Number of protein chains: 2
Amino acid sequence: MTLDLHGTGPRTPGIATRGETVPTVPPAETAADAVDVTALLERGRTLTTPVLRAAVDRLAAPMDTVAAYHFGWIDAEGNPADGDGGKAVRPALAVLSAQAAGAAPEVGVPGAVAVELVHNFSLLHDDLMDGDEQRRHRDTVWKVHGPAQAILVGDALFALGNEILLELGTVEAGRATRRLTSATRALIDGQAQDISYEHRDRVTVEECLEMEGNKTGALLACASSIGAVLGGADDFTADALEKYGYHLGLAFQAVDDLLGIWGDPEATGKQTWSDLRQRKKSLPVVAALAAGGPASERLGQLLAEDAKASDFANFSEEEFAARAALIEEAGGREWTAQEARRQHTIAVEALDAVQMPGHVRARFVALADFVVVRKR
Amino acid sequence: MTLDLHGTGPRTPGIATRGETVPTVPPAETAADAVDVTALLERGRTLTTPVLRAAVDRLAAPMDTVAAYHFGWIDAEGNPADGDGGKAVRPALAVLSAQAAGAAPEVGVPGAVAVELVHNFSLLHDDLMDGDEQRRHRDTVWKVHGPAQAILVGDALFALGNEILLELGTVEAGRATRRLTSATRALIDGQAQDISYEHRDRVTVEECLEMEGNKTGALLACASSIGAVLGGADDFTADALEKYGYHLGLAFQAVDDLLGIWGDPEATGKQTWSDLRQRKKSLPVVAALAAGGPASERLGQLLAEDAKASDFANFSEEEFAARAALIEEAGGREWTAQEARRQHTIAVEALDAVQMPGHVRARFVALADFVVVRKR
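Residues numbered from 1 in each chain as written. Chains lettered and ligands numbered in written order. Predicted model: local features only at pLDDT ≥ 70, side-chain atom pairs only at ≥ 80, totals over all residues. Heavy atoms only, no water.

An unreviewed UniProt entry lists chain A under the name Dimethylallyltranstransferase, with Streptomyces dengpaensis given as the organism.

Written out as structure tokens, the structure is:
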């Protein structure tokens, strides 16, 4: 495993780049290298999925069926399926964060379930608002079950997320719900920014990062702290874990933006040049436009023409490849790869503020490493 | 003022029918007759609106503007407006319920605001799902600002409702949020039922009442108890006030269903025969179909034909009037009027379980009376 976002950029010191000699070798129990990330993600999934399914089963028909389709548990005809439920980074973080507060992993499970419910509420609504027809290699809910069900089931998952936490009836659950609500508000703000940016010619790098912090950072921040809050952590600890999760979210999103242009369609389940086809003002594009110089200016002209082009939908692979090459030439690809590494570093450093067992810290670091090296 | 839902039906004993001689004259401070309902509604509105507006101001642009349009504070061009904000029964109930727990009316205000936010979240989404183009004499949000904004701002109001309560940071606020979440889930269940009933030929009276209990009863139940919960009431008291509100909601909805067919368009702001034009399976229709007899059978045949009629949108006033006459002849109008009175009685009797000052009880009763005699 290597940190192969782009390859040639300067390495941020402090990232334990897999497979390389790192400056200081940490003791075995704190080495992120020694962590089996696949097993860690699997543990989060195994602990969370049965509780999540039981929660979704509470929904009145036909919302339970529509939600089960969305989660990949059944197909469009209602037959059992073993769909791609996503990477499950959030459940793994929520469960791990309970351990950061000295509690058992299970203590984080209601938090993991609540975060997953809110995350999927936002997917259902965003896919409808954005007109996205595919997610996780399958038709989106609004395509299969219609817009009304996408709205309604999204609403139901949102409410269910709060319900799962509040029915614990503890002071900690109240605090967790408050943090989840703040994250949800940020999520909605981010989607509002995303929509408004679509109608604008230019978006600054700062605006783009703010939007991505809202859309991705806030809920990963919540996932990274909610188990700790349920485990009785104080606000200082929860805030530090939120900081880790927020910057992890920004690293995650920077990688997503790279995959959205240069990702392998086989791995991502998206079309080639996916974000370019959607005219997304993602980090590589915004950074390239802000860079100045001939390639940046040529890119700006091309994208301005594209915005008015009536045959944009019929553009060839070569036309998108040319735009991707300009983004790279102007430095947008390298800037975004560096930004992912920069945010990864801030995330990992935020863990220093929290007293936790070395093996728990190593797992947080390993999850952060995973997020920046993933291919999908 | 008379209980003039229909006129000739048998009176439910125990309703203090305004303007008639009632069997026992209660002492002045407990007489619902003596309550100025207009002033009571105005108090709820006056206490709640500034806090509601401050909450909505927290939304990021353009969601704040879209929400302000929905609430009638600005027009479609963004100019200040003094729109019809609705009857404001919920805020009046929430504020009053704080007094039922011996607290100041102000204690109920965050509850009133939260309930209003959740109520309006559901209006925004329901109008879009149902394709309704008009509300409160104005174009609905999705007509003016597009479907994406209707979804997004609905989501934001939902989240804001929880935020307003949870940021109080008290145990009572946690309990209030839990009750609000249950009500919200019921609201969503009710909308799911409403949508699924549209595609069915027949709906039983019981199914219709269950749906209306979810869509209207649950949130009025929450409004009627949330101030008391914030004021420290125990669960027994809160449950009794919820029972009052739930049955008040069913009475409210029965009256709405009557107004949806026989209401004065000038007063309701809706078209003539509004619910018939929308093929709504409301209580009068469902009760008439269940009644049996020649008018009921003729109505069933007509509605079955209507469901397939390609020119339904062009039906004349006379054609709708003929259907309304059949509903009345089959007893659907009278049954619904009686149901409103029956639910009113259950609501008022639920108050007996709660120890509260006589003047507070009189106000609850007066609001219940108002709900069943209103014209809009």
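1. Some points on the overall build of chain A
For chain A, the helix and strand inventory stands at 16 helices and two strands. The C-alpha radius of gyration of chain A comes to 21 Å, within 12% of the 21 Å expected for a compact globule of 376 residues. The buried share of chain A, taken over its 376 residues, is 57%. Contacts in chain A between residues far apart in sequence, at least 24 positions, make up 75% of those at least 6 positions apart. (Helix = DSSP H or I, 4+ residues; strand = E, 2+ residues; numbered from the N terminus. Rg over C-alpha atoms; globule rule 2.2 N^0.38 Å. Buried < 20%, exposed > 50% of the residue type's maximum accessible area, 1.4 Å probe, protein only. Contact = heavy atoms within 4.5 Å.)

2. Here we look at the interface of chain B and chain A
Taken together, the contact between chain B and chain A spans 32 residues of the former and 32 residues of the latter. Both faces combined, the contact of chain B with chain A buries some 2900 Å², and carbon together with sulfur accounts for 72% of it. The largest contributions to the chain B side of the interface with chain A come from Leu152, Leu166 and Arg185 of chain B, which together make up 20% of the buried area. Along the contact surface separating chain B from chain A lie two salt bridges. (Buried area = accessible area lost by both parts, 1.4 Å probe. Salt bridge = Lys/Arg side-chain N within 4 Å of Asp/Glu carboxyl O.)

3. Digging into the side chain of Thr237 of chain A
All names here are of chain A. Along the chain, the position of Thr237 falls in helix H9 (residues 235-262). Since its relative accessible area comes to 15%, Thr237 is described here as buried. A polar contact of 2.8 Å, which involves the side chain of Thr237, links it to the side chain of Asp234. (Polar contact = N/O pair within 3.5 Å; in protein donor to acceptor, adjacent residues only side chain to side chain.)

4. Thoughts on the pattern of salt bridges
Applying the stated rule across the entire model yields 41 salt bridges over all chains. Of the charged contacts in the structure, one is a salt bridge between Arg200 of chain A and Glu207 of chain A, with a shortest N-O distance of 2.6 Å. The salt bridge partner of Arg175 of chain B is Asp235 of chain B, with a shortest N-O separation of 2.9 Å. Here the residue Arg175 of chain B occupies a position in helix H7 (residues 171-198), and Asp235 of chain B occupies one in helix H9 (residues 235-262), the gap between them amounting to 60 residues. Judged by its relative accessible area of 42%, Asp235 of chain B falls in the partly exposed class. Shared partners join several salt bridges into a network, and the residues in it are Arg175, Arg179, Asp235, Asp239 and Glu242 of chain A.

5. Some points on helix H1 (residues 37-57) of chain A
An α-helical segment advances 3.6 residues per turn. Residues three or four places apart therefore align on the same side. Residue and element names in this part refer to chain A. Spanning 21 residues, H1 covers 30 Å between terminal C-alpha atoms, matching the ideal 30 Å at 1.5 Å per step. A bend of about 35° at Thr48 is the largest found in H1, and the proline Pro50 appears one to four places after it. Buried within H1 are the following residues: Val37, Leu40, Leu41, Gly44, Thr48, Leu52, Ala55 and Val56. Tucked into the core, H1 has its buried residues touching helix H2 (63-71), helix H3 (89-100), helix H4 (109-130), helix H6 (147-166) and helix H16 (358-373). The opening residue of H1 is Asp36, an N-cap whose side-chain oxygen sits 3.1 Å from the backbone nitrogen of Thr38. (Expected span 1.5 Å × (residues − 1). Bend = angle between axes of the 7 residues up to and from the residue.)

6. Focus on unusual backbone geometry
Residue Pro62 of chain A is reached from Ala61 of chain A by a cis peptide bond, and omega for that bond is 0°. Unlike most non-glycine residues, Trp273 of chain B shows phi in positive territory, near 50°. Within the fold, Trp273 of chain B resides in the loop between helix H10 (265-268) and helix H11 (274-277).

7. Observations concerning helix H7 (residues 171-198) of chain A
The terminal C-alpha atoms of H7 of chain A lie 41 Å apart, and with 28 residues this matches the ideal 40 Å at 1.5 Å per residue to within 8%. Counting buried residues in H7 of chain A gives 21 out of 28 residues, a clear majority hidden from the surface.

8. Focus on the packing of aromatic side chains
Aromatic ring pairs are reported here in terms of the distance separating the ring centres and the angle at which the planes meet. Throughout the structure, instances matching the rule amount to 13 aromatic pairs over all chains. Aromatic side chains Phe315 of chain B and Phe320 of chain B sit 6.0 Å apart centroid to centroid with 50° between the ring planes, which places their arrangement in the tilted category. Accessibility expressed as a relative area gives 11% for Phe315 of chain B, which makes it buried. By relative accessible area, Phe320 of chain B is classed as buried at 2%. An aromatic cluster of three or more residues is present, and its members are Phe121 and Phe158 of chain A together with Phe121 and Phe158 of chain B. Positioned above the aromatic ring of Phe252 of chain A is the side chain of Arg374 of chain A, whose terminal nitrogen or guanidinium carbon lies 3.8 Å from the ring centre. (Phe/Tyr/Trp six-rings, centres within 6.5 Å; stacked < 30°, edge-to-face > 60°. Lys NZ or Arg CZ within 6 Å of the ring centre and 35° of its normal.)

9. Focus on the packing of H3 of chain A against H4 of chain A
Residue and element names in this part refer to chain A. One way to put it is that H3 packs onto H4 with a least axis distance of 8 Å and a crossing angle of 150°. The angle between H3 and H4 falls in the class roughly antiparallel. H3 and H4 meet at a crossing whose hand is right-handed. Here H3 contributes Arg90, Pro91, Ala94 and Val95 to the contact with H4, which in turn contributes Val109, Gly111, Ala112, Val115, Glu116 and His119. Taken together, the residues that form the contact of H3 with H4 break down as six nonpolar, two polar and two charged. (Axes fitted to C-alpha atoms, helices over the stretch in contact; angles between N-to-C directions. Parallel < 35°, antiparallel > 145°, perpendicular 65-115°, else oblique. Left-handed = near helix turned anticlockwise from the far one by under 90°. Nonpolar A, V, L, I, M, F, W, Y, C, P; charged D, E, K, R; others polar.)

10. Considering the relation of the copies chain B and chain A
In this structure, two copies of a chain are linked by a rotation about an axis accompanied by a shift along it. The two copies are related by a screw operation: chain B maps onto chain A through 180° of rotation and 0.0 Å of translation along the axis, at an RMSD of 0.0 Å. Viewed as a symmetry operation, the transformation between the two copies matches a two-fold axis. Distance from the rotation axis, computed per C-alpha, reaches its smallest value in chain B at Gly174 of chain B: 2.8 Å. The fraction of interface residues of chain B whose copies in chain A are also interface residues reaches 100%, indicating that both copies meet through the same surface. (Least-squares fit on C-alpha atoms with pLDDT ≥ 70 in both.)

11. A few points about the environment of Leu258 of chain A
All names here are of chain A. Note on placement: Leu258 falls in helix H9. Looking at Leu258, the relative accessible area reads 7%, which means it is buried. Placed 78 residues apart in sequence, Leu258 and Thr336 show a C-alpha to C-alpha distance of 7.3 Å.

12. Let's talk about the environment of Gln343 of chain A
All names here are of chain A. Within the secondary structure layout, Gln343 lies in helix H15 (residues 332-350). Residues Gln343 and His247, spaced 96 residues apart in sequence, show a C-alpha to C-alpha distance of 5.2 Å. Discounting chain neighbours no more than four positions away, the residues touching Gln343 are His247, Leu250 and Ala251.

13. Points about the nonpolar core
Grouped together as the largest cluster of nonpolar side chains are 177 residues, with contacts concentrated most on Leu157, Tyr244 and Phe364 of chain A together with Leu157, Tyr244 and Phe364 of chain B. Excluding its chain neighbours within four sequence positions, the residues that come into contact with Leu157 of chain A are Val56, Leu59, Ala67, Phe71, Leu117, Asn120, Phe121 and Leu124 of chain A. Of all hydrophobic cores here, the second largest spans 19 residues; its members include Ile261, Trp273, Val285 and Ala337 of chain B. (Core = buried A, V, L, I, M, F, W, Y, C linked by side-chain atoms within 4.5 Å.)

14. What about the confidence of the model for chain A?
Residue and element names in this part refer to chain A. Taken residue by residue, chain A gives an average pLDDT of 90. The fraction at 70 or more is 91%. Across residues 1-26, confidence stays below pLDDT 50; counting only partners more than four residues off in sequence or on other chains, it has 44 contacts. Interface predicted TM-score (ipTM) for the complex: 0.90; the corresponding pTM is 0.91. (pLDDT = per-residue confidence, 0-100.)

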